[in-house]
Structures are given as C-alpha cells and as structure tokens.
Amino acid sequence: NSDFRFTIESMIKIETVLNILKKNGLFREIINQGSYYYNYSDVDFDSISYDSRKVKERSLFFVKGASFKKEFLLSAISQGLDWYIAEQDYEVGIPAIIVNDIKKAMSLIAMEFYGNPQEKLKILAFTGTKGKTTAAYFAYNILAQHHRPAMLSTMNTTLDGKTFFKSALTTPESIDLFDMMAQAVHNGRTHLIMEVSSQAYLVKRVYGLTFDVGVFLNISPDHIGPIEHPSFEDYFYHKRLLMENSRAVVINSDMDHFSVLKEQ
C-alpha cells in the first residue's frame, strides 16, 4: 500500500513524549550512558517507527514484539538512530526511554505525532467474526452519497476515495493507523469506516481511540489458539472492548450472546 501513500510532515518534542507517558502511567525513566533521568529537553523527533529498517537520525524507534533481537537495534543505530523507546534497556550506547507498556505508549504517541486525526473524522467501526469487510464496504458506499468517507478494510482500503488497495492487517498497527488517518484528513475526508479485529485490542493497536459508532455484527468461536486468543472467553472479551470505546453502539439482536452485550 506504500504506492498510494505520502509522508505526513510531523514533529514531536521529547517533552511532549514524556508528558504523554507520565500522564498515562507508562513512564519509568530515561537511561543514557548508565545514568537515569526523569526529565529531558532539547530533543525533537521528526519520524516514529516500529520497523528498524525505516529509521534514521531524529527517529524515535519503538522496540516491540517478543521476537525482537538486539541486532535489529544495532543495525538501526548504524543507520543514524540515536533514541529508542522500549520496556527494557538494551545497553546499546544510545538513550532509551523505558516504559511499562510499549504498545500503549506507541498508540498514544502516534496519535499526538500525527496531530490527533481521530478528532477530525467521524469514525464508524465494525467488529464481528464474519462480515466486517462486507459491512464496511456497504457503509462506505452509503456514506459516499452525501459525505467524503475513507475506509480501512482488509480488502478495500482508500484514503482519498479514488485509490483502493488491499491491507496487510485487518486493523493496522497504531503508527500506521494514525498515519493513514492523517492522510485521510489531508485528503479532505470527513468520515472513516474501519474494521476492528479482536487482535487489534489484544495487541493494543487501537489503544486510546474512541469511535463515534461501534457495530457488533456477530460472534462465534474463531481465532483461538497459541498465537491468538487462548479461549473463547478471551476472544469474546476483546471483541466487547469495541463497545466500551464507542460513543454509540449498534448490536445485531439476532446474534449469539446478545443478552450479555445488551446488559453491558
């Protein structure tokens, strides 16, 4: 999808990063050359990334994933990286911002970095075991009659209403998500339709995001296994988080477990 996207020019000061982390109980300390700091100044970041291959000087690199290797960080440093944010100090000779939860931190900082684009769009989100893409596509075409919607969908993603492409993930990683939202705003879009998977909540891709309308289509046992949800209860719980994070909710009354959702 990179063929259809451009770079949003953004910048964030380290003071802003630290304020976000402290406000949300995520900040531990900064470690620089073996010394510990609670505050820091005179550092700006003009890009953020979770991909060590895409960093450069003045990037803030987010170290996430259980399989992350120190060699990735060393490679990024050779490309000019001079700051990173992680849940531990990798002792690689550059300053580290240490946090309690890297995925929460990444989502909240990405929001701010891209200018809080979620506040400039009306967001309609769909969740369900089946039918998310179809429902999103129908909603997009209905809204397009009187508004200028964008859509983030597994099969049909558009940020300008003209160019469509297939997404790698049902719900993008938080940095990509807010980058794409910012592009939709830049393109004059007024609404955003998106699919929200249970995995998006499990790995905090939409942490801190409130939807204007959340739609719960259906639920059935799926995505249960060692690399996804350990049980149906866990799957159902993460699906229900959409309701807690939406200003208004639409529920399919014919679905299984409707009574639980209605009471919630």
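Please refer to the structure higher up on the page.
Every chain's residues receive numbers from 1 upward, in the order its sequence appears when written. Only residues with pLDDT of 70 or above have their local features reported here, since the model is predicted, and side-chain atom pairs are shown and tallied only from 80 upward, although totals for entire chains, interfaces and linings are computed over all residues. Values reported for side chains reflect all heavy atoms of the structure, with hydrogen atoms and water molecules removed beforehand.

## Notes on the packing of helix 3 (residues 102-113) against helix 5 (residues 174-186)
Step number 1: Note on definitions: angles span 0 to 180 degrees between N-to-C directions of axes, and those axes are lines fitted to C-alpha atoms, for helices only across the stretch in contact. Numbering goes from the N terminus for both helices and strands, where a helix is a DSSP run of H or I of at least four residues and a strand is a run of E of at least two. It is the contact of helix 3 with helix 5, at a shortest axis distance of 8 Å, that shows an interaxial angle of 20 degrees. One way to sum up the angle between helix 3 and helix 5 is to call them roughly parallel. Relative to helix 5, helix 3 is oriented so that their crossing is right-handed. Residues Met 106, Ser 107, Ala 110 and Met 111 of helix 3 touch helix 5, and the partners they reach there are Ser 174, Ile 175 and Phe 178.
Step number 2: Among the residues making up the contact of helix 3 with helix 5, the classes are represented as five nonpolar, two polar and no charged. Small angles under 35 degrees read as roughly parallel and large ones over 145 as roughly antiparallel, with 65 to 115 read as roughly perpendicular and the rest as oblique. Crossing handedness: left-handed means the near helix sits turned counterclockwise from the far one by under a right angle, and right-handed means the same turn made clockwise. Whether two residues are in contact is decided by their heavy atoms, any of which lying within 4.5 Å being enough. Each residue gets one label: Ala, Val, Leu, Ile, Met, Phe, Trp, Tyr, Cys and Pro are nonpolar, Asp, Glu, Lys and Arg are charged, and the others, such as Gly, are polar.

## Description of the environment of Glu 112
Step number 1: Mapped onto the secondary structure, Glu 112 falls in helix 3.
Step number 2: A residue is classified by how much of its surface remains accessible, and Glu 112, at 35% relative accessible area, is partly exposed.
Step number 3: Considered as a pair, Glu 112 and Ser 67 are 45 residues apart in the sequence and their alpha carbons are 27 Å apart.
Step number 4: What Glu 112 contacts, discounting residues up to four positions off in sequence, is Ile 12, Thr 16 and Ile 20. Relative accessibility thresholds used throughout: buried, under 20% of the residue-type maximum; exposed, over 50%; partly exposed, between the two (1.4 Å probe, protein chains only).

## Some thoughts on the sheet that holds strand 7 (residues 84-86)
Step number 1: The strand order across the open sheet built from six strands is 3-2-8-7-6-5, with neighbouring strands paired in mixed fashion. Of all the strands in the sheet, the pair left with one neighbour each is strand 3 (35-37) and strand 5 (47-49). The sheet shows a mean angle of 25 degrees between the axes of neighbouring strands, direction not considered.
Step number 2: The pairing of strand 7 with strand 8 (residues 96-99) spans three bridges and is parallel. Counterpart to Tyr 84 in the pairing with strand 8 is Ala 96. Two strands qualify as a pair provided that DSSP identifies no fewer than 2 bridges between them.

## With respect to the packing of helix 1 (residues 14-23) against helix 3
Step number 1: For the pair helix 1 and helix 3, the least separation of the axes is 10 Å and the interaxial angle reads 130 degrees. Comparing the axis directions of helix 1 and helix 3 gives the class oblique. The two elements helix 1 and helix 3 meet at a crossing, and its hand is right-handed. In this structure, helix 1 contributes Thr 16, Val 17, Ile 20 and Leu 21 to the contact, and helix 3 contributes Ala 105, Leu 108, Ile 109 and Glu 112.
Step number 2: Taken together, the residues that form the contact of helix 1 with helix 3 break down as six nonpolar, one polar and one charged.

## Comments concerning a nonpolar patch on the surface
Step number 1: Two distance rules govern patches: like charges are joined within 9 Å, and nonpolar side chains (Val, Leu, Ile, Met, Phe, Trp, Tyr) within 5 Å, applied only to residues with over 30% relative accessible area and no salt bridge. Accessible surface is estimated by sampling points in the Shrake-Rupley manner with a 1.4 Å probe; for residues, cover comes only from the protein chains shown. The rule for a salt bridge is simple: a side-chain nitrogen of Lys or Arg has to be within 4 Å of a carboxyl oxygen of Asp or Glu. Taken together, the side chains of Tyr 137, Phe 138 and Ile 142 make up a nonpolar region of the molecular surface, amounting to roughly 340 Å² of accessible area.
Step number 2: Residue position: Ile 142 is located in helix 4 (residues 132-143).
Step number 3: Classification of Ile 142 by relative accessible area gives exposed; the value is 56%.

## Brief notes about unusual backbone geometry
Step number 1: The phi torsion at Asp 42 lies on the positive side, around 60 degrees, for a residue other than glycine.
Step number 2: You can see Asp 42 is positioned in the loop between strand 3 and strand 4 (44-45).
Step number 3: The exposure class of Asp 42 is exposed, given its relative accessible area of 74%.
Step number 4: Of note in this structure, Asn 116 is not a glycine but carries a positive phi near 50 degrees.
Step number 5: By the secondary structure assignment, Asn 116 is in the loop between helix 3 and strand 9 (122-127).
Step number 6: What makes Asn 116 buried here is its relative accessible area of 17%.

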